[in-house]
Amino acid sequence: MSNASSQFDVLDDPLYMRTAFYGAFSARMFGDGVILNRTKLGMGLPVPLIMERSFESYIQPDVAVADIEKLALRAGVHLSMGYLLDQMIKEKRAEVRGFENWARKSKLNLGLGDV
């Protein structure tokens, strides 16, 4: 939960909980997806290409599950920070001149639009 006594903690509880949920959920789905695709690869089943590169060029078959979980947690942290920044901009709590426009028009936009 958000600790109101901290001078650095300015998130209200609902926003904090949504941010934490999306980070944790994404980390779990990312980790499970990597393990599932690695298992499919080991069984000789097709796995999706990632930006026109094979799955195994990113995740070698001998990568430990603990390392996959570390990657998943890092991905979850990045996703939750992106979610938080998006929410802060939408609520006009964080106004960074030109940032929102840049993010929407940049090459980092994966074509997902407003999800």
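That block above? That's the structure.
Remember, predicted model here, so these are calculated numbers, not experimental data. (Residues numbered from 1 in each chain as written. Predicted model: local features only at pLDDT ≥ 70, side-chain atom pairs only at ≥ 80, totals over all residues. Heavy atoms only, no water.)

**What about the overall build of the protein?**
Thought 1: Within the protein, the secondary structure is distributed over four helices and zero strands.
Thought 2: When the elements of the protein are put in sequence order from the N terminus, they spell out α-α-α-α.
Thought 3: Counting every position in the protein, which comprises 115 residues, the buried fraction comes to 21%.
Thought 4: Long-range pairs, those at least 24 residues apart, make up 55% of the contacts in the protein between residues at least 6 apart in sequence. (Helix = DSSP H or I, 4+ residues; strand = E, 2+ residues; numbered from the N terminus. Buried < 20%, exposed > 50% of the residue type's maximum accessible area, 1.4 Å probe, protein only. Contact = heavy atoms within 4.5 Å.)

**Section: the nonpolar core**
Thought 1: Val 34, Val 47, Phe 55, Ile 59 and Ile 68 form the largest nonpolar core, which has five residues in total.
Thought 2: Residues contacting Phe 55, with those up to four places away along its chain left out, are Val 34, Asn 37, Arg 38, Leu 41, Val 47, Pro 48 and Ile 50. (Core = buried A, V, L, I, M, F, W, Y, C linked by side-chain atoms within 4.5 Å.)

**So, the environment of Leu 79**
Thought 1: In this fold, Leu 79 is placed in helix 3 (residues 65–90).
Thought 2: Sequence separation of Leu 79 and Thr 19 is 60 residues, and the distance between their C-alpha atoms is 8.9 Å.
Thought 3: In this view, Leu 79 contacts Tyr 22, Gly 23 and Ser 26; residues no more than four positions away in its chain are not counted.

**Side note on the packing of aromatic side chains**
Thought 1: For the coordinates displayed, the defined rule picks out three aromatic pairs.
Thought 2: One aromatic cluster is present, formed by Phe 21, Tyr 22, Phe 25 and Tyr 83 through successive ring pairs.
Thought 3: Taking NZ or CZ as reference, Arg 53 lies 4.3 Å from the ring centre of Tyr 58, over its face. (Phe/Tyr/Trp six-rings, centres within 6.5 Å; stacked < 30°, edge-to-face > 60°. Lys NZ or Arg CZ within 6 Å of the ring centre and 35° of its normal.)

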